[in-house]
Amino acid sequence: MNGNRVWVWIIVCLLVAQVCLGQGWQPAEGPLKTRWTDEVSPEKVWPEYPRPQMVRPDWMNLNGLWDYAIVARDAGRPETWDGKILVPFAVESALSGVMKPVGPANRLWYRRTFEVPESGRWSRDRRRILLNFGAVDWETTVWVNGTQVGSHQGGYDPFTFDITDALNESGSQEIVVSVWDPTDAGTQPRGKQVRQPGGIMYTAVTGIWQTVWLEPVGPVYIESLKLVPDVDNELVRLTVSLAGDIGDPNRYGISATFDKVRVSEEVSLPVFHAVANDGQVEIRVREPKLWSPESPYLYETSIEVHRATRPGGFQTVSSGSSVLPDYYRVDSVDTYFAMRKIEVKKDADGINRLFLNDKPLFQYGPLDQGWWPDGLYTPATDETIKYDIEMTKKFGMNMARKHVKYECARWYCWCDKLGLLVWQDMPSGDAGRNAESRANFRRELKGMIDALHNFPSIVMWVPFNEGWGQHNTEEIVQWIQQCDPSRPVNEASGWTDRGSGDISDIHSYPGPGMRPVEDDRVLVLGEFGGLGMPVKGHTWQDEANWGYVSFQDKEALTNAYVDLLTRMRPLIGQGLSAAVYTQTSDVEVEVNGLMTYDRELVKMDLERIAEAASKLYLPPPKVTIVIPTSQHEPQTWRYTTTEPANGWTAPDFDDSSWATGVGGFGTRGTPGTTIGTVWNTSDIWLRRTFMLHDIPSEGELGLMIHHDEDAQVYVNGVLVGSFSGYLTSYLSRPASEDAASAFKQGTNTMAIHCRQTSGGQYIDAGLALVQEQPQP
């Protein structure tokens, strides 16, 4: 064999070896990468343990290269495969290596083989083997060695099949998975996935998108845990659910260790608690260390389940016997919990606020879509999700609203560890369409709450967003409150308010804004901002990107953002308790992120925006009405709907020919209004005199105003406020920098011009004094 032929054979052998080892795999060529894209390989793809709140020491990660095929929905198992796909990335993503759509007319199939280890807990002596899926979108059927082991409907919740009886005695085992996902042609929750993405809707995600893994358990094992902290009583309530060949539940006892200290009751015994009575026990936590964004303390915990050798063994322990039965351990898991308390109650001024650990805390954070350009629903690495959370904290935020999606368990674990509050949306869909869609919604809503209940960072459930699929609101809110009374429920973020739940939530772009104060619910701004700026080289596409409001450079964008937060301070004094800025990063063609979609750039001045955010957490300012509006008592104005002569804003302008009327001015049915005089033309000009006996030496005089639409407000001929768009309630708005020189002791004149283009219309204004309060 000559030298050239030798080299040819060497190259062929190396290529074959690379393919066999997965080294020939490459991500598909997508529109945009991240810094983590190149860290992914078939040998290193989400190697972390996927279920941090119920950890077992032995497990087998099945992430990596699988065979795949896309075939007609009713075609059955394919005879040949289209190629390799990298699990757990959705087939439409670049990191899957495929980047192809599937659609409702087709079905996505997967196949791989594995071998069960023979040593340790994997040995065949009475062990069971569980096959776990973190999430698969949407309808999944699984076969092992040709035997169907289970099926599941749901695109977000984890599920498990016991595959023991389908396994071969030894050697190679085969898994085949079939997935059908109709996306927006179906009746299932899907979040922002659509088949034709654009604007605020994004690329469809089909198939496996979270880790797949095996674990060995005994014939009786812990199926789930539920941990509910009770700060007031210094305890945590633990519920352990068992599965398998249980028999008499009184033969099982639970023991717990946290922070490496054995947990027991007041006396030395019992250390064990009977599993009977739904397996619920109360564990004392003396002088608890409370979890908060500033101090996210977690109690590391081990849970063990033991079986008594005689019938009813642990029943006598629970009834007070000081004699322990003979027992042996059947299962154990590691977990963690936090002692924290979240609630809605009134502050010292009688205003409903969000309280954390008995202290009012303004919650502020981004609308977090949970999308990445290389993996779509699935970030490239564990470090990727940690980075997003760390950056959110660096922005000066203490919360994130996870928007119409929920993540893998490790995302919430990082929020728990790093101290980030989470508002959890239910993934939306057309749930009000018919009985099938409503049933899908209820089943997947329960799956979400069951899967995420134990994460202490989650402090609010949000079942609906902007009326998307909203139905039976009051009934669903009551069900969630019964299912989890430990967290507030936000019935619907934005738009369709039914008056139920604990939260009154509006959206205002660019905002800010708030609803009128309520007796029973707390006020939040569920979405605002949306300030957009495309950054060349860091966008999903070069042209035709989209944002609510567009800017051309970093400084202008930063100035606009800081102005929004400055104008939010008076609202906090009036009762606003939280706000959500749109959004963490750009997503596909949507360019209103704090970061670019590839997470390479922060689009604003980080130091300035963090400083602006820090002021939101100061004690709420005191807002005092100096010159009343007509909201509660009619105020008299001069007005005209014919454009006046120049100088109409000046104090000495002769308005004697103008009509006289009481505020407010507008049309009935416009939200948040008190109509004193009907105004239904395009423009109105108003004038009013008022007395200031003293110019306040502390605080800032600002405007209390309700406008629909654009309004300019003058005092003594000086422009003190210019407002675009519309409000839905009376709000305190900061006056311009020139306002301080405009006010004078004695008689003053306020003049307003308001213009209306469509829909409802309204104008009314007064003066408010905003005074910052000292730190407690």
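Computed from a prediction, not measured in an experiment: that's the story for all the values here.

Draft legend 1. Representation of the overall build of the protein. The helix and strand inventory of the protein stands at 9 helices and 48 strands. Taken over the C-alpha atoms alone, the protein extends approximately 100 × 80 × 50 Å along its principal axes. Evaluated residue by residue, the protein yields a buried proportion of 57% over its 776 residues. Sequence separation of at least 24 residues holds for 71% of the intrachain contacts in the protein that already meet a minimum separation of 6. Taken as a whole, the protein presents about 31,700 Å² of accessible surface, with 48% of it coming from carbon and sulfur. Charged side chains in the protein number 71 positive and 100 negative. The centres of these two groups are separated by 3 Å.

Draft legend 2. Seen up close, the pattern of salt bridges. Inspection of the entire model under this criterion finds 41 salt bridges. Notably, a salt bridge pairs Asp67 with Arg111, separated by 3.1 Å at the nearest N-O pair. A residue pair is termed long-range when its members are at least 10 positions apart, and Asp67 in strand 2 (residues 64-72) and Arg111 in strand 4 (residues 106-115) qualify at 44 residues. On the basis of relative accessible area, Asp67 is assigned to the buried category, the value being 12%.

Draft legend 3. A look at the sheet that holds strand 24 (residues 352-356). Spatially, the 3 strands line up as an open sheet ordered 23-24-25, and their pairing is antiparallel. Each edge of the open sheet carries a strand with a single partner, namely strand 23 (342-346) and strand 25 (359-360). Relative to strand 24, strand 23 runs antiparallel, the two being bridged by 5 bridges. When the bridges of strand 24 are listed, Glu343 appears paired with Phe355.

Draft legend 4. The arrangement of the confidence of the model for the protein in detail. On average, residues of the protein carry a pLDDT of 91, and 93% of them reach 70 or more. Note that residues 6-22 has pLDDT below 50 and, in this model, 8 contacts with residues that lie over four places away or in other chains. Below pLDDT 50 for its whole length, residues 316-323 participates in 10 contacts with residues either more than four positions away or in separate chains.

Draft legend 5. Local environment of the sheet that holds strand 20 (residues 280-284). Here 3 strands make up an open sheet; going across it, the order is 15-16-20 and the pairing antiparallel. Among the strands making up the open sheet, the edge pair consists of strand 15 (220-230) and strand 20. In this sheet, neighbouring strand axes are inclined to one another by 25° on average, regardless of whether the strands run parallel or antiparallel. Where strand 16 (residues 235-244) and strand 20 come together, 5 bridges link them in antiparallel fashion. Bridging across to strand 20, Leu235 finds its partner in Arg284.

Draft legend 6. Main features of the environment of Thr670. Within the secondary structure layout, Thr670 lies in the loop between strand 40 (665-666) and strand 41 (677-678). Taking the C-alpha atoms as reference, Thr670 lies 23 Å from Trp468; in sequence the two are 202 residues apart. Ignoring anything within four residues of it in the chain, the contact list for Thr670 reads Asp708, Gly760, Gln761 and Tyr762. Within the structure, the side chain of Thr670 is placed 3.0 Å from the backbone oxygen of Thr667, a separation counted as a polar contact.

Draft legend 7. Representation of the packing of helix 5 (residues 435-452) against helix 6 (residues 473-483) within the structure. Look at helix 5 against helix 6: their axes get within 12 Å of each other, and the N-to-C directions meet at 30°. Accordingly, the angle class assigned to the pair helix 5 and helix 6 is roughly parallel. Considering the relative orientation of helix 5 and helix 6, their crossing is right-handed. Touching Phe441, Arg442, Leu445, Lys446 and Ile449 of helix 5 are Glu475, Ile476, Trp479, Ile480 and Cys483, all from helix 6.

What counts as what
- Residues take numbers from 1 onward in each chain, read along the sequence in its written order.
- Totals for whole chains, interfaces and linings use every residue, but because this is a predicted model, local features are given only for residues with pLDDT of at least 70 and side-chain atom pairs only at 80 or more, for both listing and counting.
- Working from all heavy atoms in the structure, the side-chain values ignore hydrogens and water.
- Starting at the N terminus, helices and strands are each numbered in turn, a helix being any DSSP run of H or I of at least four residues and a strand any DSSP run of E of at least two.
- Using a 1.4 Å probe on the protein chains alone, a residue whose accessible area is under 20% of its type maximum counts as buried, one over 50% counts as exposed, and one in between counts as partly exposed.
- In this analysis, two residues are considered to be in contact whenever any of their non-hydrogen atoms come within 4.5 Å of each other.
- To measure how exposed things are, a 1.4 Å probe is used in the Shrake-Rupley method; for residues, cover is taken only from the protein chains shown.
- Neither His nor the chain ends is counted toward charge; the positive residues are Lys and Arg and the negative residues Asp and Glu.
- To locate a charge, take NZ of a lysine, CZ of an arginine, CG of an aspartate or CD of a glutamate.
- Take a side-chain nitrogen of Lys or Arg and a carboxyl oxygen of Asp or Glu: if they are within 4 Å of each other, that pair is a salt bridge.
- The rule for pairing is simple: two strands pair if DSSP sees at least two bridges between them.
- pLDDT expresses, on a scale from 0 to 100, how confident the predictor is about each individual residue.
- Axis definition: a line fitted to C-alpha atoms, over the contacting stretch in the case of helices. Angles run 0 to 180 degrees between N-to-C directions.
- In protein, a polar contact means a hydrogen-donor-capable atom and an acceptor-capable atom, both N or O and within 3.5 Å, with residues adjacent in sequence counting only if both atoms are side-chain atoms; elsewhere, any N or O pair within 3.5 Å suffices.
- Should an angle fall under 35 degrees it is taken as roughly parallel, and over 145 as roughly antiparallel, whereas 65 to 115 is taken as roughly perpendicular and any remaining angle as oblique.
- Throughout, a crossing is termed right-handed when the near helix is turned clockwise from the far one, and left-handed when it is turned anticlockwise from it by less than a right angle.

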